[in-house]
Amino acid sequence: MHPINWIIVGAYLIYVVVDGIRRVKGTHELEGYFLAGRSLPWWAVGLSVMATQLSAVTMIGTPGQGATDGMRFIQFYFGLPIAMVVLGVTLVPFLHGARVFTAYEYLERRFNPATRSFTSFLFLCSRGASCGAIIAAPAVVFSAVFGWSLPYAVALIGVPTVIYTMIGGVQAVAWVDVKQMVLIVFALIAVTIVLLIQLPVAPGAALDIAGATGRLRSFDFSFDLTNTYTFWSGIIGGFFLMMSYFGTDQSQVQRYLASRSVPEARTSLLMSAYWKIPLQALVLIVGVLIFVFYIFERPPLLFNPAHESAVRQQAPAEYEDLRAQYEQALDEREQAALAIATSGENIELASEQFRAVEARTNVVRDEALSLAERVTGETPRDVNYIVPHFVLNYLPIGLAGLFIAAVLAAAMSSIAAELNSLATVTVIDFYRRWVKPQATDAHFLMVSKAATAFWGLVACVVATYAATLGSLIEVVNRFGSFFYGSILGVFLLAMIPFARGWAAFVGLIAGMAAVAAVTFGAPDVSFLWHNVIGAVTVVVVGILLSGLFGRSST
Amino acid sequence: MTPDSVTGPRDFRRTLVRVLAVQLATVLLLWLLQAAFTH
């Protein structure tokens, strides 16, 4: 990468740390450190919520998914706006009005200490591990693209984040998030413009080419429980997932608990409701345009440079053979794409021919991916390297550095929120609740900073191992989906006046058991439906038990 | 505290209508993109 790009990345990292540390003012009390004295304006909270949800995977993996699979991933977010509106009139007023530090603290007031401790323990387990996975995803890509050792890449992302989160608390996290979100949106828009300028065909023709392969298909109305990306799984399963994520996950709840009032907290959530789908559509369109771009520019056989080099060295004959086949297929594909661009009324026929050539190209690429897996022993995940290849080889000097900085920003904003919420739950729900309830704010602050550093270390260690164990990231995600919906069910029960604490606890166990039964009994059912199953089971079991046996007990 | 004590049903309906309007516009745009360019 050009030195100017490195200077931009370096300047960004220094700025983020300095800006975060600057926010130390007003964090000498526990409420200042964890909730910014409940003083944040709605727009800062809203941008912070969006930045937290937008991780490095969104910047690298999602456009890659757009390039290979098209727009259909957008359906995943269809339930989000409705969830935001419903949360705004249900959980947000309850949690903000209760003046709590954590969402789980509210559960003790409403139910009992066991429900609070159990849900917060589940949060620590899943978020501690997923925080590592969030660092691992970009670290693996950076180490392959730049040839760095993995621990170095993990440290580059993790250490600055831990420093500003530990020193500045939630104020640093939220205000740095605001700037990171601006940088991310700017980088995405700039890349879209550059792509449109660099394409050798008009934007309309580019869309015709993308459309010929079905990449502009955003809607699938089939009701298929095994398919994650359908309209129904997005709107129903996505609704429950987003309700759970934004309503009960401390990394999100803590943002709006830090806002000035309930209406401001609600407005901050609505910002996501308004902008999440358009923003996600932009990310996917970047991917679709990159697909069209690589029809007219020669892509490598494998986008992961480490795998490409390993295959070339260890299986040179097979590599050269596949490379020759690929070159020929690419030539034919380019001609077929140009035929679409100039086809006029014969676009159906031209599209048909393009699809046939595209299928041949994909066959060669699939063979190359299998070869890479055989040679390296790793799952290729080549889709994650499409965007870095484009950024480093085709973006103008300066903009490439800005995009890498935006990827780092997306990773850091998510990690910072996770670390801050992990420290909050550790101190408020465990240390202050069970170990030392009467200590001073100064003491709790010291413990909070130590907890942030501890979770930062855990995340970095998990990231280093998660990367080498590849599938661990999937295990973490699956583990999270075991109880995400169930925890939502407990919070929904909390709003039902006659629901009892012990019934909520039994319901939580029943919800998790139901999800486990579906996961192992019907593994093809998409994880989005697990959230629906978990939440509904907890609510039904909780209501039944409270109604049948709860009148004389608490 | 009940939801109605911080936001009345009318506020909720207005918010719901606004959010749904923006989402419908986005979804319509995506639908048009799909319909116009999928051959």
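Conventions we followed
Residues numbered from 1 in each chain as written. Chains lettered and ligands numbered in written order. Predicted model: local features only at pLDDT ≥ 70, side-chain atom pairs only at ≥ 80, totals over all residues. Helix = DSSP H or I, 4+ residues; strand = E, 2+ residues; numbered from the N terminus. Buried ≥ 20, exposed ≤ 12 C-beta atoms within 10 Å, placed from the backbone. Domains from an automatic or database assignment. Contact = placed C-beta atoms within 7 Å. Nonpolar A, V, L, I, M, F, W, Y, C, P; charged D, E, K, R; others polar. Axes fitted to C-alpha atoms, helices over the stretch in contact; angles between N-to-C directions. Parallel < 35°, antiparallel > 145°, perpendicular 65-115°, else oblique. Left-handed = near helix turned anticlockwise from the far one by under 90°. Expected span 1.5 Å × (residues − 1). Bend = angle between axes of the 7 residues up to and from the residue.

A word on the overall build of chain B. Scanning chain B from terminus to terminus reveals 2 helices and 0 strands. Looking at chain B residue by residue over its 39 residues, the buried ones come to 15%.

On to unusual backbone geometry. Residue and element names in this part refer to chain A. A positive phi angle, near 50 degrees, is found at Ala36, a position not held by glycine. The residue Ala36 is located in the loop between helix 2 (30–35) and helix 3 (42–53) in this model. Phi is positive for Arg38, close to 50 degrees, though the residue is something other than glycine.

All names here are of chain A. The domain architecture assigned to chain A consists of domain 1 (3–294 + 393–470), domain 2 (305–379) and domain 3 (472–554). A separation of 35 Å is found between the C-alpha centroids of domain 1 and domain 2. Contacts between domain 1 and domain 2 engage 9 residues on the former and 12 residues on the latter. Residue assignment for the side of domain 1 that touches domain 2 shows that the elements contributing at least two residues are helix 8 (113–146) and helix 10 (203–212).

Each partner contributes residues to the interface: chain A has 30 residues there, and chain B has 18 residues. Within the residue set of the side of chain A that touches chain B, elements represented by two or more residues are helix 5 (80–89), helix 6 (91–97), helix 10, helix 13 (262–296) and helix 16 (347–376) of chain A. Looking at which element gives the most residues to the side of chain A that touches chain B, the answer is helix 13 of chain A, with 7 residues. For the side of chain A that touches chain B, the residue count by class is 20 nonpolar, 7 polar and 3 charged.

Attention now moves to the packing of helix 8 of chain A against helix 18 (residues 399–435) of chain A. The packing of two helices is summarised by the inter-axis angle and the distance between the axes. All names here are of chain A. At a minimum axis separation of 10 Å, helix 8 and helix 18 run at an interaxial angle of 155 degrees. With respect to helix 18, the element helix 8 is oriented roughly antiparallel. The interaxial crossing formed by helix 8 with helix 18 has left-handed handedness. Where helix 8 approaches helix 18, its residues Arg116, Ser117, Ser120, Phe123, Leu124, Arg127, Gly128, Cys131, Ile134, Ile135 and Pro138 are matched on the opposing element by Val407, Ala411, Ser414, Ile415, Glu418, Leu419, Ser421, Leu422, Val425, Thr426 and Asp429. Here the residues of the contact of helix 8 with helix 18 sort into 12 nonpolar, 6 polar and 4 charged.

To continue, consider helix 13 of chain A. Residues and elements named next belong to chain A. Here helix 13 spans 52 Å end to end across 35 residues, near enough to the 51 Å set by a 1.5 Å rise per residue. At Trp275, helix 13 is bent by approximately 45 degrees, the largest bend along its length, and proline Pro278 sits one to four residues beyond. The buried fraction of helix 13 is high, at 25 of 35 residues.

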